[in-house]
Amino acid sequence: MTSPETITIRRPDDWHVHLRDGALLAGVAPHTARQFARAIVMPNLSPPMMDSAGVAAYRARIMAALPDDTSFTPLMTLYLTDHTDPDEVARGHADAVFVAAKLYPAHATTGSAHGVTDIARIMPVLARMEAIGMPLLIHGEVTDAHVDIFDREAVFIARTLEPLVKALPGLRVVFEHVTTAEAVQFVESAGPNVAATITPQHLHINRNAMLVGGIRPHAYCLPVAKREHHRLALRKAATSGSAQFFLGTDSAPHARHLKEAACGCAGIFNAPYALESYLAVFEEEGALDRFEGFASEHGPRFYRLPLNEGTVTLERAPVTVPEEIDVGGTVIVPFHAGETLGWRLRS
Ligand code: NCD
Ligand code: ZN
């Protein structure tokens with residue numbers, strides 16, 4: 001088979017991104033807006049986006065951080081807490097303030113301190129979301145100190161996710177940034193109400209990238225990268241053509257000095273070369289024909305949003321990812337820093 005020199009796909013979306021706030025927002029958001037038509041924006045700011053007014057104000061700050069002629073649309077999310085009011089959720093969704101709500105188990109990851117301590121406490125909210133067809137986005141890791149960090153996703157499935165989808169079979173769930181073969185298997189065996197996003201880093205690296213030959217903080221994110229057989233399961237799922245898997249970068253920028261520290265932050269900044277990174281995987285897997293589904297079709301269909309108009313083109317050309325990127329005055333080390341990728345997004 002001859003390999004193409006260019007690939008043109010319908011404009012893609014990022015179904016999971018951290019755009020941050022303040023000065024960082026102005027530096028970060030243009031990278032996502034350059035690559036994607038829309039993005040599901042995570043609400044784990046400090047303080048988190050826990051009510052409609054806060055979410056609407058954050059959306060306005062995102063738009064203000066982008067050029068006036070931008071065609072990028074942020075899709076906002078609400079941060080669930082033990083005290084979230086079902087009526088407020090239904091109202092904010094009906095008013096299109098946010099399209100989904102995010103469940104962070106308390107203390108699971110960056111910015112989750114106000115998250116949900118016990119899913120039983122938010123069952124009325126989740127039942128309402130089931131009734132109105134509003135997607136629930138889940139960071140799927142237990143926080144139990146007795147559970148090994150590499151097992152936290154698999155244990156979450158057994159303890160929390162399986163019982164939840166049994167109790168609320170109509171609830172539309174996105175299992176975010178899946179990292180394990182167990183998660184892939186769970187999603188595949190669940191009905192079409194359950195989907196998952198997959199990040200570029202979990203398709204490219206396993207835990208060796210983080211730990212062999214020295215500790216590499218820029219390969220550290222949550223959920224943490226797992227063993228090789230999990231990475232292979234994720235690559236298979238992403239490139240399978242299944243509508244239950246779609247693109248979500250989990251691009252999560254942190255200043256270089258906050259990652260290169262005794263207690264470094266979790267999060268990988270992959271927004272600047274996200275499409276190039278994913279496309280490398282699809283090519284390696286011999287699945288270039290399935291890239292458009294993953295990047296541009298499965299997500300909107302799950303979220304019941306229109307497919308984007310217009311296209312983007314990537315061309316076969318070497319692109320060297322910089323060692324660091326200045327983002328609104330903050331130095332950040334991007335995913336693939338110093339590596340050369342084989343495709344370039346045409347601007
Ligand atoms: C995210 C962040 O920094 O906000 N970090 C990460 O490692 N992915 C939070 C998250 O999505 O878990
Ligand atoms: Zn995230």
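This one's a predicted model, so the numbers in the text were calculated from it and none came from an experiment. (Residues numbered from 1 in each chain as written. Chains lettered and ligands numbered in written order. Predicted model: local features only at pLDDT ≥ 70, side-chain atom pairs only at ≥ 80, totals over all residues. Heavy atoms only, no water.)

Asker: Let's hear about the pattern of salt bridges: which residues, and what values?
Answerer: For side chains bearing opposite charge, pairing can occur when the charged atoms are close. This structure, assessed with the given rule, holds 15 salt bridges. Among the salt bridges present, the one from Arg-301 reaches Glu-297, with a minimum N-O distance of 3.9 Å. Taken together, the residues Arg-301 and Glu-297, both in helix H12 (residues 291-303) and four residues apart, mark about one turn of the helix. Residues Arg-344 and Glu-315 are paired through a salt bridge, measuring 3.0 Å at the closest nitrogen-oxygen approach. With Arg-344 in strand S13 (residues 340-345) and Glu-315 in strand S10 (residues 311-320), the pair connects residues that are 29 residues apart, well separated along the chain. A residue is classified by how much of its surface remains accessible, and Arg-344, at 38% relative accessible area, is partly exposed. One network of salt bridges, in which partners are shared, links Glu-5, Glu-283 and Arg-316. (Salt bridge = Lys/Arg side-chain N within 4 Å of Asp/Glu carboxyl O. Helix = DSSP H or I, 4+ residues; strand = E, 2+ residues; numbered from the N terminus. Buried < 20%, exposed > 50% of the residue type's maximum accessible area, 1.4 Å probe, protein only.)

Asker: Quick rundown of the coordination of the zinc ion (ligand 2)? Include the residues and the values.
Answerer: Protein-derived coordination of the zinc ion (ligand 2) comes from His-16 (NE2), His-18 (NE2) and Asp-250 (OD), at a distance range of 2.0 to 2.1 Å. One can describe the site at the zinc ion (ligand 2) as irregular: its four donor atoms subtend angles covering 92 to 146° at the metal. Counting along the primary sequence, the residues that act as donors to the zinc ion (ligand 2) give the motif H-x1-H-x231-D. Pair noted here: His-18 is in the loop between strand S2 (13-17) and helix H1 (22-35) and Asp-250 is in the loop between strand S9 (245-247) and helix H10 (256-259), with a separation of 232 residues, a long-range link. The class for His-18 is buried, based on a relative accessible area of 6%. According to the relative accessible area criterion, Asp-250 is buried, its value standing at 5%. (Donors = N, O, S within 2.8 Å, 3.2 Å for Na, K, Ca; no water. Tetrahedral: all angles 85-135°; square planar, octahedral: opposite > 155°, others 65-115°.)

Asker: I'd like to hear about H12, residue by residue, with values.
Answerer: Taking 1.5 Å per residue, 13 residues should reach 18 Å; H12 reaches 19 Å between its end C-alpha atoms and fits that length. Along H12, the sharpest kink reaches roughly 40°, centred on Glu-297 and followed within four residues by the proline Pro-300. Judged by how many residues are buried, H12 sits mostly within the fold: 11 of 13 residues are covered. For H12, every residue scored as buried is listed here: Phe-291, Gly-293, Phe-294, Ala-295, Ser-296, Glu-297, His-298, Gly-299, Pro-300, Phe-302 and Tyr-303. Immediately downstream of H12, the backbone of Arg-304 shows phi near 60°, a positive value. (Expected span 1.5 Å × (residues − 1). Bend = angle between axes of the 7 residues up to and from the residue.)

Asker: Requested: an account of the environment of Val-89, with residues and values cited.
Answerer: For Val-89, the position within the fold is in helix H3 (residues 86-94). Of the residues examined, Val-89 reaches a relative accessible area of 0% and is grouped as buried. Separated by 38 residues in the primary sequence, Val-89 and Asp-51 have C-alpha atoms spaced 8.3 Å apart. Val-89 has contacts with Leu-78, Thr-84, Phe-98, Val-125, Met-129 and Met-134, leaving out every residue within four places of it along the chain. (Contact = heavy atoms within 4.5 Å.)

Asker: Give me the lowdown on the packing of aromatic side chains, citing residues and values where you can.
Answerer: Counted by the stated rule, this structure contains 10 aromatic pairs. With 6.0 Å between their ring centres and 40° between their planes, Phe-246 and Phe-302 make a pair best called tilted. Residue Phe-246 is found in strand S9, and its partner Phe-302 is found in helix H12; the two are separated by 56 residues along the sequence. Per residue, the accessibility class of Phe-246 equals that of Phe-302, and both read buried. The interplanar angle of 65° and the centroid separation of 6.3 Å between the aromatic rings of Phe-246 and Tyr-303 together place this pair among those described as edge-to-face. Linking Phe-246 in strand S9 with Tyr-303 in helix H12, this pair joins segments that are 57 residues apart in sequence. Look at Phe-246 and you get buried, because its relative accessible area is 0%. Through pairs of rings, three or more aromatic residues link up here, namely Trp-15, Phe-246, Phe-302 and Tyr-303. The residue whose ring lies beneath Arg-172 is Phe-302, and the NZ or CZ to ring-centre distance is 4.5 Å. Sitting above the plane of the Phe-150 ring, Arg-207 keeps its charged end 4.5 Å from the centroid. (Phe/Tyr/Trp six-rings, centres within 6.5 Å; stacked < 30°, edge-to-face > 60°. Lys NZ or Arg CZ within 6 Å of the ring centre and 35° of its normal.)

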